[in-house]
Amino acid sequence: MEELRLTPKDAPTIPIEAEVISPDIIAGKRLQDVKGLTVYVGNTTRTLGDFFDVEGDIAEKATDQLIVVEGAIPHVKYIGAEMTAGRIVIKGDVGMHVGAQMSGGEIIVEGSASDWVGAEMKGGLLRIKGNAGNQLGAAYRGSSDGMTGGCIVVGGDVGIEMGAFMRRGMLIVQGDVGPFAGVHMNGGEIFIFGRAARRVGAEAKGNGGFIACFGGVEALLPTYIYDTTYRPTFMKLYLRQLRDELGIEEAEKFLDAPFKRYRGDIAVGGNSEILIVEEQ
Amino acid sequence: MSFIVNGVEIEDTFAEGFSMWGSRIIITAKNRKWANIAATNMTGFATSVISCDCEAAIERDVPPEETPDGRPGTAVMVFGFSRKRLAEPMLNRIGQCVLTCPTTAIYNGLPEEEADAMLDVGKSMRFFGDGFQVKMRMNDGWLGRRRYWRIPVMEGEFLVEDKFGAKRAVAGGNFLVMGVTEDIALEASERAIDAIHTVPGVITPFPGGLCRSGSKLGSRYTFLKASTNTPFCPAIKHTLTDSQVPEGANSVIEVVINGLDFDSVKAAMAAGVKAAVEVEGVRKITAVNFGGKLGKFQIHLKDCLGGA
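### Notes on the pattern of salt bridges
Residue and element names in this part refer to chain B. Scanning the model with the defined rule gives 32 salt bridges over all chains in all. A salt bridge links Arg 32 to Asp 61; its shortest N-O distance comes to 3.5 Å. In this pair, Arg 32 is assigned in helix H1 (residues 32-42) and Asp 61 in strand E4 (residues 55-62), connecting sequence segments 29 residues apart. Its relative accessible area of 26% is what places Arg 32 among the partly exposed residues. Between Glu 66 and Arg 60 there is a salt bridge, with the nearest N and O atoms lying 3.0 Å from each other. You can call Arg 60 partly exposed: its relative accessible area is 37%.

### A word on the domain arrangement of chain B
All names here are of chain B. Considered domain by domain, chain B is made up of domain 1 (2-16 + 170-304) and domain 2 (20-167). Taken together, both faces of the contact between domain 1 and domain 2 bury some 1300 Å²; the carbon and sulfur share is 67%. When the buried surface of domain 1 facing domain 2 is broken down by residue, Ile 203, Pro 205 and Leu 260 rank first, second and third, together holding 43% of it. At the surface where domain 1 touches domain 2, the tally comes to zero salt bridges. The interface formed by domain 1 and domain 2 includes three residue pairs in polar contact (both at pLDDT 80 or more). Within the side of domain 1 that touches domain 2, the residues separate by chemical class into ten nonpolar, five polar and two charged.

### Things to note about the sheet that holds strand E7 (residues 76-77) of chain A
Residue and element names in this part refer to chain A. Spatially, E4-E3-E2-E7 is the arrangement adopted by the four strands of the open sheet, whose pairing is mixed. The sheet is open, and its two borders are formed by strand E4 (44-47) and E7, each paired with just one other strand. For strand E3 (residues 38-41) and E4, the ladder comprises four bridges, and the chain directions are antiparallel. Across the sheet, residue Thr 38 finds its bridge partner in E4, namely Thr 47.

### A short note on the interface of chain B and chain A
By a frequent convention, interface size equals the accessible area lost on bringing the separate parts together. Opposite the 24 residues of chain B that make contact, chain A presents 27 residues. With both sides pooled, the region where chain B packs onto chain A buries about 1900 Å², and carbon together with sulfur makes up 55% of that total. When residues of chain B are sorted by the area they lose upon contact with chain A, Arg 137, Trp 142 and Arg 150 of chain B head the list and together hold 34% of the total. Where chain B packs against chain A, one counts two salt bridges. The salt bridge involving Arg 150 of chain B is made with Glu 273 of chain A; its shortest N-O contact spans 2.7 Å. For the side of chain B that touches chain A, the elements supplying multiple residues, two or more each, are strand E6 (105-108), strand E8 (134-138), strand E9 (146-153) and strand E10 (156-161) of chain B. At five residues, E8 of chain B tops the list of elements feeding residues into the side of chain B that touches chain A.

About the criteria used
Residues numbered from 1 in each chain as written. Chains lettered and ligands numbered in written order. Predicted model: local features only at pLDDT ≥ 70, side-chain atom pairs only at ≥ 80, totals over all residues. Heavy atoms only, no water. Salt bridge = Lys/Arg side-chain N within 4 Å of Asp/Glu carboxyl O. Helix = DSSP H or I, 4+ residues; strand = E, 2+ residues; numbered from the N terminus. Buried < 20%, exposed > 50% of the residue type's maximum accessible area, 1.4 Å probe, protein only. Domains from an automatic or database assignment. Buried area = accessible area lost by both parts, 1.4 Å probe. Polar contact = N/O pair within 3.5 Å; in protein donor to acceptor, adjacent residues only side chain to side chain. Nonpolar A, V, L, I, M, F, W, Y, C, P; charged D, E, K, R; others polar. Pairing = 2+ DSSP bridges. Contact = heavy atoms within 4.5 Å.

This is how it looks when you write it as structure tokens:
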């Protein structure tokens, strides 16, 4: 892969919208053209070169492009939004909407991320090593579909409404999650290794969707019905994938764990599942 | 015409193989005992399409590290004359012998990139869930998309993959082991089977891999479409004018091989013959064919043995 390095310069007092930091947009351009790409700061337009030192190599195709941001950029939004291929590595914190609506490629954030990470994501892999804010992988307001594919892994904690209106894809949180995880979800898989706050799975419908809770649940909605405690074979497939493909080692200890299966949310006639590891 | 391998006469002839559709499935269970029970049940009464709905057998044990769920597995291969006549017995046999067997799950063992077609076996099986089945979608948008069905059963939950790969395959690879005694023919054939099972992609669907009756098309009786291969029956070798049992041979056993491709069957025949001729007292090895008029494939013993 060709590596392009972006080193942050002085940050403005208001956020920068920089969806141009994407392999799809950068690939095939000259270095000078990349420095001149438009970014938005409030109601003004500036260039990428105003806020980043840009150096390195540029690939012909997005699939061969690696973009490395050499530092924290919590004031920069929409990095990798709508990207389809390639790779972005951010060596620090990042702002809102990182990887929103992306459909391919990989984004790695070595710090924490703000809200709307991977909102309405369609494909690809998005990994946040620190914490993530609210509405991780959620649908934007007014939209009926949240995540429809891809995988988001968060090493730390996540805020409220994670996976709202999720349809497909996979969300993995190694820390705790805030209220309303999986609200309105209708498909997709959520794995929570920390503690899930109240109203998890509220108004979830089903369509094969489930929320697996490995670190306990603060309170389960009364509209989820307990069915059984069992060791589902299908969970082994997922846990092996988390361990082998994503390097999530704590998945290993739950391979043979019993799960309590709850079905709901019957408030909306739902047939979704919440699977909670039985304490051993 | 014949040639000699390890002092044993090998007739310079060929096995006549037929084109069939083949598939491979992986059955897993809590332990190897239950995986093998399911596989054994599923492959019962599946020796030959002369009278069975398909030809099927266990290919090999699959170690836990190679199965999708990390449990011990058994690879089973099934063969039928068309995609439809492969899918139907697969569905029936999985439904009656694997779905019913405690702790089992079943996965496609022939990936789409190696298959000529994908059969909707799991998709059809889901109806056993009577509406309570759950579609399991894995890897959408980031790894290769996989589909499974989770079917509630009294013991827990049965997991079956949505589609199973099938490909145009080769059935009817064979050779005959002619021994001085029954014990010699059996021992040589058993060794052949052990050697054949080291070759991936093949099965030996007859009991223990061996067919002692052989078979020939038709019979004296109009109601019987196949009968024992009388020209190779030692007990009547001097009664028949066209007996093909050589002097000194008193027992003949046929080894029948089906495989996912021509080369696998050929490799299996080679491994089997080489193992069989190691046994002292094997009088001759030959193969069964119909003069090349019926089967699409001719697998020559001489080619198998590297033109020995």
